[in-house]
Amino acid sequence: MFQQTVDILVLGLLAATALAVVRMRTLIGAAMLMGIYSFLSASWMLILDAPDVAFTEAAVGAGVSTIFVLATLSITTIRAKRQTKFQFAPLAVVVLTGAVLIYGTLDMPHFGDPEAPVHRVGNRYIKRVPEEFKIPNAVTAVLGSYRGFDTFGETTVVLTAGLGVLCLLRKRREDEPKVVTE
Amino acid sequence: MSEALGLYNYWIVIFLMMTGLYLVISTGNLVRKVVGLNIFQASVLLLYVTMGRVDGATAPIFVEGRETYTDPLPSVLMLTAIVVGVATTAVALALTVRINEAYGTIEEDEINEQEHAQELAG
């Protein structure tokens with residue numbers, strides 16, 4: 001009962017923050033609310049017994065992403081144009097997509113169901129990690145060993161993204177054209 | 001009624017995902033689009049992490065006297081997704097900076113106007 005109350009409280013705060021981001025008119029405000037949203041989602045992950053993801057989300061999602069957005073605002077502009085008229089089409093698209101997704105969840109296993117099919121592979125890891133490694137944290141063992149190739153792919157993506165950012169933001173020579181036209 | 005109680009986590013996460021999506025498609029400001037994308041992404045992480053939860057279990061760190069642990073697999077996959085998400089956010093923001101350099105604005109409709117004027121000029 002206590003668990004459910006906390007769950008609903010945190011989820012309510014998350015929903016309120018998400019709506020506030022949509023309604024927020026200033027860009028700095030939107031960036032700060034995005035950080036708050038990430039931090040709240042990290043809190044909920046901690047409640048869901050996933051401390052490793054929670055730490056990463058709090059540090060990388062709430063910290064680094066917010067700093068990136070603020071840095072972008074500081075070198076571009078912090079002024080956003082006011083949107084005057086209400087648009088109907090985006091709301092319709094979003095409501096329709098949401099309805100289809102909710103229809104899709106009707107077949108999902110219930111929250112916290114230990115028999116859910118998702119846990120088949122996870123249970124095998126839980127059984128094998130104490131026998132094959134001397135690491136007490138199952139997430140570390142799976143991340144570094146059983147799914148090491150995933151982690152390798154992740155570092156490749158980060159390297160590519162870093163190179164992309166460097167290429168985009170490098171200092172341009174004087175004689176280079178400002179806008180590329182065909 | 002028991003149906004609703006067992007699935008409420010998914011429904012709230014879907015609501016959060018849709019607010020992010022709404023921000024992405026309704027606003028013309030590029031930075032707000034990136035913020036919307038980030039909210040959408042954080043919600044997808046939540047969707048996966050809620051699937052990994054097991055009633056009465058504890059975090060997947062082995063201790064004496066505990067038999068049930070939460071599923072480590074969604075945690076591992078989402079750890080990768082968080083880092084990849086930040087990397088793509090950085091690229092999107094770098095593109096925004098370049099667009100601002102080239103057009104002097106980060107509003108989509110103003111960029112379109114400039115493009116249109118350039119086309120008319122030949």
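Caption draft 1: Structural context of the overall build of chain B. Helix and strand counts for chain B stand at 4 helices and 0 strands. Overall, chain B shows an N-to-C arrangement of helices and strands of α-α-α-α. What you see for chain B is a C-alpha radius of gyration of 21 Å, clearly larger than the 14 Å of a compact globule of 122 residues, by over 25%. Structurally, chain B occupies a C-alpha span of about 75 × 35 × 15 Å along its principal axes.

Caption draft 2: Looking closely at helix α2 (residues 30-52) of chain B. Residue and element names in this part refer to chain B. The end-to-end C-alpha separation of α2 is 34 Å, in line with the 33 Å expected for 23 residues at 1.5 Å each. Of all 23 residues in α2, 18 are buried; the element is thus mostly enclosed. The N-terminus of α2 is capped by N29, whose side-chain oxygen sits 3.0 Å from the backbone nitrogen of V31.

Caption draft 3: Region of the structure containing helix α4 (residues 88-105) of chain A. All names here are of chain A. Here α4 contains 18 residues, and its C-alpha end-to-end distance of 26 Å stays within 8% of the 26 Å for a straight helix at 1.5 Å per residue. Taken as a whole, α4 has its buried residues at P90, V94, G98 and T105. Take α4 and look down its axis: the buried residues cluster within an arc of 60°, on one side only. Within α4, the exposed residues directed more than 90 degrees away from the buried face are F88, A89, V95, L96, V100 and Y103.

Caption draft 4: Spatial organisation of the interface of chain B and chain A. At the junction of the two partners, chain B supplies 78 residues and chain A supplies 89 residues. Ranking the residues of chain B by area buried against chain A places Y22(B), R53(B) and F62(B) at the top, with a combined share of 9%. Inspection of the region where chain B meets chain A yields 0 salt bridges. There are 11 residue pairs in polar contact (both at pLDDT 80 or more) connecting chain B and chain A. Those elements that provide at least two residues to the side of chain B that touches chain A are α1 (2-26), α2, α3 (72-103) and α4 (108-121) of chain B. Looking at the side of chain B that touches chain A, the element that brings in the most residues is α3(B), giving 25 residues. Residue composition of the side of chain B that touches chain A, grouped by class: 50 nonpolar, 18 polar and 10 charged.

Caption draft 5: Local environment of the packing of helix α6 (residues 138-146) of chain A against α3(B). Between α6(A) and α3(B), whose axes approach to 9 Å, the crossing angle comes to 55°. With respect to α3(B), the element α6(A) is oriented oblique. As for the relative orientation of α6(A) and α3(B), their crossing is right-handed in sense. Contacts from A138(A), V139(A), V142(A) and L143(A) of α6(A) reach α3(B) at P72(B), S75(B), V76(B), L79(B) and T80(B).

Caption draft 6: Broad picture of the confidence of the model for chain B. Mean pLDDT over chain B works out to 88, with 96% of the residues at or above the 70 mark. Among the scores for the predicted complex, ipTM is 0.90 and pTM is 0.89.

Caption draft 7: Region of interest: the nonpolar core. Counting 52 residues, the largest nonpolar core has W44(A) and V69(A) as the members making the most contacts within it. For this core, the secondary structure elements donating two or more residues are α1 (2-23), α2 (27-47) and α3 (51-75) of chain A together with α1, α2 and α3 of chain B. By residue number, the principal contributor to this core is α2(B), which donates 11 residues. Ignoring any residue separated from it by four or fewer positions in sequence, one finds W44(A) in contact with D7(A), V10(A), L11(A), F111(A), N9(B), V13(B), L46(B) and T50(B).

Procedures and definitions
Residues numbered from 1 in each chain as written. Chains lettered and ligands numbered in written order. Predicted model: local features only at pLDDT ≥ 70, side-chain atom pairs only at ≥ 80, totals over all residues. Heavy atoms only, no water. Helix = DSSP H or I, 4+ residues; strand = E, 2+ residues; numbered from the N terminus. Rg over C-alpha atoms; globule rule 2.2 N^0.38 Å. Expected span 1.5 Å × (residues − 1). Buried < 20%, exposed > 50% of the residue type's maximum accessible area, 1.4 Å probe, protein only. Polar contact = N/O pair within 3.5 Å; in protein donor to acceptor, adjacent residues only side chain to side chain. Arc of directions from axis to C-beta. Contact = heavy atoms within 4.5 Å. Buried area = accessible area lost by both parts, 1.4 Å probe. Salt bridge = Lys/Arg side-chain N within 4 Å of Asp/Glu carboxyl O. Nonpolar A, V, L, I, M, F, W, Y, C, P; charged D, E, K, R; others polar. Axes fitted to C-alpha atoms, helices over the stretch in contact; angles between N-to-C directions. Parallel < 35°, antiparallel > 145°, perpendicular 65-115°, else oblique. Left-handed = near helix turned anticlockwise from the far one by under 90°. pLDDT = per-residue confidence, 0-100. Core = buried A, V, L, I, M, F, W, Y, C linked by side-chain atoms within 4.5 Å.

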